[in-house]
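What follows is the residue order along each chain.
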There are 2 protein chains.
Amino acid sequence: MWRPDRASDRPLYQQIATNIEQRISLGEMPPGSPLPSERKLAQQLGVNRSTVMQAYEMLRASGLIESLTGSGTRVCRDREGSAPRQTPNWSRYVESGTLQPNLPLMRRIREGLQSGVPFINFAGGELAPDLSPNDAIADIMTSHPFREPLGYGNPQGYVPLRVALASFLLEQRGIAATDESILVTSGSQQSLYLLTQCLLNPGDAIAIENPSYAYSLAMFHSAGIRLFGLPVDDEGVHPDGIRSLHKQHRVRMVLLNPNYQNPTGTVMSAERRIEVLACCEELGIPIVEDDPFSLTAFGEQPPPPLKSLDRNGTVLYIGSLSKIAASGLRIGWMVAPHTVIRRLADARQQMDFGLSIFPQWIAARLLDSTSFLPHIEQLRIALRDRRDVMASALRRMLPGEISFELPQGGLNLWCRIHGEVNDYALLENGIRNGVVFVPGSVYGAEHGYVRLSYARPPMEEIEMGIDKFAQALYKSLRT
Amino acid sequence: MWRPDRASDRPLYQQIATNIEQRISLGEMPPGSPLPSERKLAQQLGVNRSTVMQAYEMLRASGLIESLTGSGTRVCRDREGSAPRQTPNWSRYVESGTLQPNLPLMRRIREGLQSGVPFINFAGGELAPDLSPNDAIADIMTSHPFREPLGYGNPQGYVPLRVALASFLLEQRGIAATDESILVTSGSQQSLYLLTQCLLNPGDAIAIENPSYAYSLAMFHSAGIRLFGLPVDDEGVHPDGIRSLHKQHRVRMVLLNPNYQNPTGTVMSAERRIEVLACCEELGIPIVEDDPFSLTAFGEQPPPPLKSLDRNGTVLYIGSLSKIAASGLRIGWMVAPHTVIRRLADARQQMDFGLSIFPQWIAARLLDSTSFLPHIEQLRIALRDRRDVMASALRRMLPGEISFELPQGGLNLWCRIHGEVNDYALLENGIRNGVVFVPGSVYGAEHGYVRLSYARPPMEEIEMGIDKFAQALYKSLRT
Ligand SMILES: Cc1ncc(COP(=O)(O)O)c(C=O)c1O
Ligand SMILES: Cc1ncc(COP(=O)(O)O)c(C=O)c1O
């Protein structure tokens, strides 16, 4: 919320009046809308009531607001004595549109984080500032002079980045792609959005793991896609699950996150990958392999990606630099048959006319730099250490209340809570205690699960955060 | 098209075999699909027929393709003797989705430009490489060490950029915005996309200038928006046009491009701005003011933007660095009531999770740099010179065949062709002659108009390009 600047030379009452004037002229406070009482506004802004009185007096004098005895102060209806005016009914407009608002729980988390109060953040699915290759990136920017053309770029992505990705994918994941079969997107998110908007129709059914990150994505809802959950065991989803869903609902696409699945941390076994691929090949159903975490393996490497086994063009493979370098780069990619790539590259121009050259240029140099693989090595160790700190704090502070499997990669620890707890209440208690996390129902799980990310908060806050979480949990269990 | 690399150490036939193998495994060539005859492929690739024979032999040996007497060579149906496989029917998938493909004419232009043949490009709505502030940008990158957090950014945009934009808009356009009322987007394009996806419903009617850039945008079509053209005279659109459209169709939004309108170059007069704003205020219809060109004025400044006159929150103002700095930055913005900004910032996360920090960081420094306004001064002069070269070449080479008004800013010259001409034929003749431009029907005009951009090609090619255009036009008029 806006507050007057006490360090400024301008008197507080003038600052307040200007702020209200701006809000009126921005349509935030349409004609006729009530202003808060002087007492209330004074309280909100932390100023004396007389300061607010002065501000209101100034606005009345300029004819912007009027105070009517008994009915408080409001924005004047007809401020210039000219033709009648109507502010567009913005609150109706913002309820329109096909893009649905985000899930209330997700918005609540963001609101909490943006309130300005310091929080220990176990909710963000991103790396702490010290885990990103900050120096390498700063170095790329200062040491290579930038000499690329600055016009509208290739809608499929900057060619040197696609070339760098092709070798990176071959070396690191055994995926044989050419630059022609790669589309560069604003993170994996935009790859998923484009798929949804270009390859699926409203009403189409897609099969996803249950629970799944995909449940948290309003974009499927916006596109009218029906999501059906597949049961998951230790080895991931089973072909039988896909077959039976397909029989019932005619599945148009299977979306999998085989490595360190978000939120559960599950790794799909090598066998299941082969079986699921064979099943989808037989049924002619495309698989979307969403694979942002594979390079974060703490120990053993995960099995080869489904895409590396795909001889048939069945798998659309999605990757990202978000979880191994920096989510603020907004660099992701899709490897897919050319027909698909061309369709998506054409359509993405409607959304944003293609990606900025700058993050693409930086990403290409980052992938090619000799420091990138060592960075990933360090990242793995750092993430494992964080996981261990979080796990031991949880075991110490909540020995009987929760249980979890130790994730072998990725950013998240998935906890089951023993005992009954309401997700909303737990989150509110957390926010009150200065800690945020994501309740499992966001991912389609029953109440009683939480996703705790050990990647985001500073290492030294993890224990304290678990302490705050434990208190919130105790409070929620008791009520 | 792919071609073998003659400089490589690998034999040509091996390169060809590998390329085909990749295309098969990418699903580009599903099981059963025919390969070109040896003779034809040899021709396409510019190699000896025996080289292709060797490549095919290699692929046959590895069981990937089979040659059947009388029916040519095809990809093997069941390559591993295992369960039957189906490639997903990608050609059906790519016909799905709500994002419609771009207009055929626009795709034809892009195809022409991407064919590898050198073209004189009068089609691109962007600056020539030497018109962008290349040195200033390279300098920003090398001289300020980058030290920003690299996590997911604020979905509304990087705060220092919003602060820089607020002062820029106040100083340059008289628009009083705060950082809170600004949303940073991937060019104006993404602002328009978000509006369409978040504030309008399928079936809604919007009023636009006729002709208009908006007609070229598949995104309105994708969202099921009905576009209605407003007649335009020398001073722009008239309130009567809006009133009568509103009576017939209940207009939900008016989209205007008041300065150096794309494609016509028209500037809306100061009076009309006031009248149109008053009319929309009375009717409660929001105005979208799309204003990418205002700072390119060759002489006199255009009248103040509608947004600077708006006391009511009626106008959503959209701007961009694309036409005054670099379209490859992909930095645009919207100034709007907070309710609108919040709705759009929330929804944009579904598309791309927000913009990359890098172009935002660069744009903030560019706006704050002392060289930016001098750059714009130079740009104005350079664009005016280009306009003059183009105009005099047109007058010399097509004295009786075309007519145009001299634009007073912007990137485009709008020509009316005297005599009957078919847009498609004209474009094809142009492409054959090595010149591209945008036929007017793309913008909703009748056949017989073209938009020629003087901003994109190198200055020294403009005359030659007009010569090629003139030849194409003569050919199209005669047939
Ligand atoms: C499984 C999965 N896919 C996709 C994404 C999107 O990330 P980005 O767009 O930053 O690549 C995330 C982020 O949390 C994720 O966990
Ligand atoms: C009138 C108008 N609006 C918007 C755009 C979109 O440009 P950008 O997204 O690069 O800002 C253009 C580009 O040609 C334009 O001419």
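Residues numbered from 1 in each chain as written. Chains lettered and ligands numbered in written order. Predicted model: local features only at pLDDT ≥ 70, side-chain atom pairs only at ≥ 80, totals over all residues. Heavy atoms only, no water.

Per an unreviewed UniProt entry, the recorded name for chain A is DNA-binding transcriptional MocR family regulator, and the organism is Paenibacillus methanolicus. The UniProt entry for chain A carries the following text under Cofactor (unreviewed entry): "pyridoxal 5'-phosphate". (UniProt positions renumbered as here; feature names shortened; annotations may be inferred.)

S.K.: Is there a simple way to think about the overall build of chain A in this case?
M.R.: Tallying secondary structure elements over chain A gives 17 helices and 17 strands in all. If one aligns the C-alpha atoms of chain A with their principal axes, the spans along those axes are about 75 × 60 × 55 Å. The burial tally for chain A puts 59% of its 479 residues in the buried class. Within chain A, contacts between residues separated by at least 24 positions form 73% of all contacts whose residues are at least 6 apart in sequence. For chain A, the accessible surface area stands at approximately 18,500 Å², while carbon and sulfur atoms represent 50% of it. (Helix = DSSP H or I, 4+ residues; strand = E, 2+ residues; numbered from the N terminus. Buried < 20%, exposed > 50% of the residue type's maximum accessible area, 1.4 Å probe, protein only. Contact = heavy atoms within 4.5 Å. Areas by Shrake-Rupley, 256 points an atom, 1.4 Å probe, with all protein chains shown as cover.)

S.K.: Sorry if this is basic, but what is going on with helix H2 (residues 38–45) of chain B here?
M.R.: Structural remark: α-helix, 3.6 residues per turn; residues separated by three or four positions point the same way. Residues and elements named next belong to chain B. Those residues of H2 that fall on the buried side of the exposure criterion are Glu38, Leu41, Ala42 and Leu45. One face of H2 carries all of its buried residues, which in axial projection span an arc of 105°. Turned more than 90 degrees off the buried face of H2, the exposed positions are Arg39 and Gln43. Looking one or two residues beyond H2, the residue adopting positive phi is Gly46, at roughly 70°. (Arc of directions from axis to C-beta.)

S.K.: Where do I start with the interface of chain B and chain A in this structure?
M.R.: Taken together, the contact between chain B and chain A spans 105 residues of the former and 106 residues of the latter. Taking both partners together, chain B and chain A bury about 9,500 Å²; carbon and sulfur atoms supply 52% of that area. Put simply, chain B and chain A have zero salt bridges between them. If one sorts the elements of the side of chain B that touches chain A by residue count, helix H13 (residues 338–352) of chain B sits on top with eleven residues. Partitioning the side of chain B that touches chain A into residue classes produces 45 nonpolar, 38 polar and 22 charged. (Buried area = accessible area lost by both parts, 1.4 Å probe. Salt bridge = Lys/Arg side-chain N within 4 Å of Asp/Glu carboxyl O. Nonpolar A, V, L, I, M, F, W, Y, C, P; charged D, E, K, R; others polar.)

S.K.: Can you help me understand the site of ligand 2 in this one?
M.R.: Taken together, 15 residues form the shell around ligand 2, and within it Tyr152 of chain A together with Asn262, Asp290, Ser320 and Ser322 of chain B come nearest. In this structure, ligand 2 is bordered by residues of chains A and B. Contacts to ligand 2 include Ser188 of chain B, whose side-chain N or O atom sits 2.7 Å from an oxygen atom. Sorting elements by how many residues they give to the shell around ligand 2 places helix H8 (residues 187–198) of chain B first, with three residues. (Near = heavy atom within 4 Å. Polar contact = N/O pair within 3.5 Å; in protein donor to acceptor, adjacent residues only side chain to side chain.)

S.K.: Would you explain the sheet that holds strand S12 (residues 332–335) of chain B in this entry?
M.R.: Strands pair in a sheet through their backbones, by hydrogen bonds, and they do so in one of two ways: parallel or antiparallel. Residues and elements named next belong to chain B. A sheet is described by the order of its strands in space; here seven strands give the open sequence S4-S12-S11-S10-S9-S5-S6, paired in mixed fashion. This sheet does not close on itself; its edge strands, each paired only once, are strand S4 (182–185) and strand S6 (226–230). Each strand of the sheet is rotated relative to its neighbour by a mean of 20°, with strand direction disregarded. Alignment of strand S11 (residues 315–320) against S12, held across four bridges, turns out to be antiparallel. Among the inter-strand pairings, Tyr317 is bridged to a residue of S12, identified as Val335. Relative to the sheet, helix H7 (residues 159–173) contacts S4, S11 and S12, its axis offset from that of S4 by approximately 110°. Contacting S4 and S12, H13 crosses the sheet at an angle of about 30° to S4. (Pairing = 2+ DSSP bridges. Axes fitted to C-alpha atoms, helices over the stretch in contact; angles between N-to-C directions.)

S.K.: Please explain the relation of the copies chain B and chain A as it appears in this structure.
M.R.: Each of the two chain copies can be generated from the other by rotation about an axis followed by a shift along it. Screw-axis analysis of chain B against chain A gives a translation of 0.1 Å along the axis, an RMSD of 0.2 Å, and a rotation angle of 180°. Accordingly, the operation relating the two chain copies is best matched by a two-fold axis. Every residue of chain B has its C-alpha some distance from the rotation axis, and the shortest such distance is that of Thr142 of chain B, at 1.9 Å. Taken as a fraction of all interface residues of chain B, those also at the interface in chain A reach 99%, which identifies the copy contact as same-surface. (Least-squares fit on C-alpha atoms with pLDDT ≥ 70 in both.)

S.K.: When you look at the domain arrangement of chain A in this model, what are you seeing that I'm missing?
M.R.: Size of an interface: often given as the accessible area lost when the parts come together. Residues and elements named next belong to chain A. Domain assignment breaks chain A into domain 1 (12–94), domain 2 (104–130 + 375–478) and domain 3 (150–370). Summarising the inter-unit geometry, the C-alpha centres of domain 2 and domain 3 are found 26 Å apart. Facing 23 residues of domain 2, the contacting portion of domain 3 comprises 22 residues. Surface buried jointly by domain 2 and domain 3 totals about 2,000 Å² across both partners, of which 59% is contributed by carbon and sulfur atoms. Summed over the three residues of domain 2 that lose the most area to domain 3, namely Arg380, Trp414 and Tyr443, the buried surface amounts to 30% of that side. If you look at where domain 2 meets domain 3, you find zero salt bridges. In this structure, the connection of domain 2 to domain 3 is made through nine residue pairs in polar contact (both at pLDDT 80 or more). Within the residue set of the side of domain 2 that touches domain 3, elements represented by two or more residues are helix H15 (372–397) and strand S14 (412–417). The dominant element in the side of domain 2 that touches domain 3, judged by the number of residues it contributes, is H15, at seven residues. Taken together, the residues of the side of domain 2 that touches domain 3 break down into eleven nonpolar, seven polar and five charged. (Domains from an automatic or database assignment.)

S.K.: Before we go on, may I ask you to explain the packing of H2 of chain B against helix H3 (residues 49–61) of chain B in this structure?
M.R.: Between two packed helices, the angle of one axis relative to the other and the distance separating the axes together describe the packing. All names here are of chain B. For the pair H2 and H3, the least separation of the axes is 8 Å and the interaxial angle reads 115°. The hand of the H2/H3 crossing is right-handed. Contact residues: Glu38, Arg39, Leu41 and Ala42 in H2; Arg49, Val52, Met53 and Tyr56 in H3. Its residues assigned to classes, the contact of H2 with H3 comprises five nonpolar, no polar and three charged. (Left-handed = near helix turned anticlockwise from the far one by under 90°.)

S.K.: Is there a simple way to explain the site of ligand 1 in this structure?
M.R.: In the region of ligand 1, 15 residues are neighbours, and Asn262, Asp290, Ser320 and Ser322 of chain A together with Tyr152 of chain B sit closest. More than one chain reaches ligand 1: its neighbouring residues belong to chains A and B. Looking at the shell around ligand 1 residue by residue, the class counts come to five nonpolar, seven polar and three charged.

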